[in-house]
Each structure stands twice: as structure tokens, then as C-alpha cells.
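# Topology and contacts: notes
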Amino acid sequence: MHVVRMGVLGCASIAFRRVLPAMQEADGIELKAVASRDPAKARRFAAHFGCAAADGYDELLERPDIDAVYVPLPTGLHAHWVSRALAAGKHVLSEKPLTWDQTTALDLVDQARKAGLWLMENYMFLHHGQHATVRGLVTDGRIGAPRVFSASFGIPPLNEADVRYDSGLGGGALLDVGVYPIRAASYFLGPELDVIGSVLRLHPTRGVDVAGHILLAAPSGVTAELSFGFEHSYRSWYGIWGDHGRLTLDRAFTPPPARQPVIRIESQDHAEELTLPADHQFRNIVEYFARSVLDGADYDAQAEAIIHQAELVDRVRSNAVRVTA
């Protein structure tokens, strides 16, 4: 293979706005077909992106001209269709989170490994260059020894009909926006984080969490405090507080491709801002996925990241104090 021939299971907004345009720009990807439960919607997507409209999810998975699929379905549908795609011999890029529980994540990772296929969660923010720059600055001692990692990701209330308020489809703020700060904490503090406590605020009638707060700790004693929710003014931010200074980054999880990130570093008598080049995290992650498939890259690190993230989310949920909004 010289390119990965891609199919899309589901015509979600994130696919239309971000991921499919990135696939059209990316090296190593050829968008071949899209499928939807609504044939008319699939045809509209196909006409817009210049590809075929498959007659349903099963027909797309049966196509011999598809090497891999992107799955932007609601979280509660991921496990079924990811498993079906792997069984059909397709590599899979799934929207985050892969599943809503660790047991299912383990099963899917095991299925991918046994089939020799790539299964990856679409945590696109990890593929923006700003975070590697931040990690380099911390490693170089610009803020001294890290003591606390803080992160917040919140968005305004959703439309009442939004699928993220549907508990049966994996709705809730933890699985939609809370997973970003959790994944960022692992990126900066390592894989041995422990969940010390959490709070989930529940919607009074819908049975889903709409906000939350999490406290994590690393074996070194460094802590992470994370906030998230569906009932906030927009915020997408993290900061690292060291013994000699602190570093902050705004628009940490969702920077537009043209945005030049600004890292702010402050100490007791000094402050500076570092402006970085713009970067395209959506294109970067689909190119990374394609390279991994085409090069037969080692899958172990990706598998471990999926399992560790699912474990942390499970422990956040099981440790949570629940309050009703």
C-alpha cells in the first residue's frame, strides 16, 4: 500500500467540520466512502467530499477498496462497530473515548492485536506541536520541579436534543470533555497516576453527568486537578505550577489550525510569552495513523495508552461523589 484507503462509519458534525477536511489535505490517506443510517445524509457527505456513499455500515465494511475506517459515532455505539470493523480486517481510528468502560477497551485492544490491525483513539490534541514544546520547557527546568498540573475543559450548555445528553449512547460530560484533561495529565505526569477523588454533578432528569472535578496524584507526589463540564463559559486550558515558576497554555485542546499558540511563563519577578508556529492537529493525527498503518509501526505504546486511559476513566467514575444539579 502507498496510501490508506479510508471509509467513514457515521456522518457526525466532527467528521464534517474537522476530520474529513483534514483527510483530504493529509498525505497517505485516500477517502473512499462514507456511510450513515440516513442514506440521504451519506449522499450529501459523499458529494461534498468527492467520495462514494455506501449503502449502510455493513456494505462499507464489506468493500474491498477500504483498508481502514474512521468511527465518529456516539460513544455508546463505538464498541459494536469498532469490533465489526476489526473483524472485517479494517484498521480503525475511533473518536474518543474508544468505549465507556475498561473491560470493553481491553477486549477491543486484544482483538486488534490478534488481527495485526491498528486501533487508535482520536485524541487529536496530542498531535499539536505546542504540547511537545511545553514538555521540553518543563524538562529544561524553566519552571523548576513540577508540583501541580491543572487543566479545564468546559463548554456552554448543549441543545436539549444533543446526543451527549443521552445516557444510553454514552452521553455525559466526563466522556465528552472530561477525558481531555485526564489524557493531558497522563501525557505530562506519566502512566502511574492514581485517582484520589472525584465529583460528578448530574443532570436532574437526564441521568448523565454535566460537570465534574478530579484529583489525581503521581507516585512522586505531583498532583493533577482537573475540571470539566457542559454548563460553563468556554475554556480549554492547562497550567503547570513548579517550585520556581508556572506555565500556562490557553486553547490547549482545540486550537484552530491557523492559531499561533502562546505559552506564558511566570516567576516571582519575571513574565514572558512564547509565540509558537500554527499547527494542524487534525491533519497531523490522520497522517500519523496512516504512517503507522503503512509502516507497520509497533502497536504496544498505543495499546497501553488506550488501556490506561480507560482505567483512569473507570476509576474516576467509581470513586465519584455524585451530586444533582
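In short, a report on the structure.

Scoring rules and cut-offs
- Each chain carries its own residue numbering, running from 1 in the direction its sequence is written.
- Since the coordinates come from a predicted model, pLDDT governs what is reported: local features require at least 70, and pairs of side-chain atoms require 80 or more to be given and counted, while whole-chain, interface and lining totals use all residues.
- Hydrogens and waters are ignored; side-chain quantities use all the structure's heavy atoms.
- In this text, buried Ala, Val, Leu, Ile, Met, Phe, Trp, Tyr and Cys residues form a nonpolar core when linked through side-chain atoms within 4.5 Å.
- The cut-offs for exposure are 20% and 50% of the maximum accessible area for each residue type, with area from a 1.4 Å probe on protein chains only; residues under the lower value are buried, those over the upper are exposed, and the others partly exposed.
- Runs of E in the DSSP output that reach at least two residues are strands. Runs of H or I that reach at least four are helices, and both are numbered from the N terminus.
- Salt bridges are identified by distance alone: a Lys or Arg side-chain nitrogen within 4 Å of an Asp or Glu carboxyl oxygen.
- Here, residues are in contact when the closest pair of their heavy atoms is within 4.5 Å.
- Each pair of strands is called paired provided DSSP finds at least two bridges between the two strands.
- Interaxial angles span 0 to 180 degrees and are taken between N-to-C directions of axes, which are lines fitted to C-alpha atoms, for helices over the stretch in contact.

## Considerations on the nonpolar core
Leu119 and Phe149 are the most contacted members of the largest nonpolar core, which has 106 residues in total. Ranked by the residues each element gives to this core, the list is headed by helix H7 (residues 173-189), at 11 residues.

## Thoughts on the pattern of salt bridges
If the charged atoms of two oppositely charged side chains come close together, the side chains can form a pair. For the coordinates displayed, the defined rule picks out 19 salt bridges. Across the pair arginine 113 and aspartate 300 runs a salt bridge whose closest N-O atoms are separated by 3.4 Å. With arginine 113 in helix H5 (residues 102-115) and aspartate 300 in helix H9 (residues 300-319), this residue pair connects regions lying 187 residues apart in the sequence. Take aspartate 300: its relative accessible area is 37%, and that puts it in the partly exposed class.

## Brief notes about the environment of threonine 75
Position of threonine 75 among the secondary structure elements: in helix H4 (residues 75-87). Placed 57 residues apart in sequence, threonine 75 and alanine 132 show a C-alpha to C-alpha distance of 28 Å. Threonine 75 has contacts with Lys96, Pro97, Thr99, Trp100, Leu169, Gly170 and Leu175, leaving out every residue within four places of it along the chain.

## Concerning the sheet that holds strand S4 (residues 68-71)
With respect to topology, six strands assemble into an open sheet ordered S3-S2-S1-S4-S5-S6, the strand pairing being parallel. Only two strands of the sheet have a single neighbouring strand rather than two, namely strand S3 (52-53) and strand S6 (119-121). In terms of strand pairing, S4 meets strand S5 (residues 91-94) through four bridges, oriented parallel. The residue of S5 that forms the bridge with valine 71 is serine 94. Strands strand S1 (4-9), strand S2 (29-35) and S4 of the sheet are contacted by helix H1 (residues 13-25), whose axis makes an angle of about 150° with S4.

## Considering the sheet that holds strand S12 (residues 246-250)
Spatially, the nine strands line up as an open sheet ordered S14-S13-S12-S11-S7-S10-S9-S8-S15, and their pairing is mixed. Bordering the open sheet on either side are strand S14 (270-275) and strand S15 (320-324), each of which pairs with just one other strand. Averaged over all pairs of adjacent strands, the angle between their axes in this sheet comes to 10°, without regard to strand direction. Across seven bridges, strand S7 (residues 146-154) lies against strand S10 (residues 223-229) in parallel orientation.

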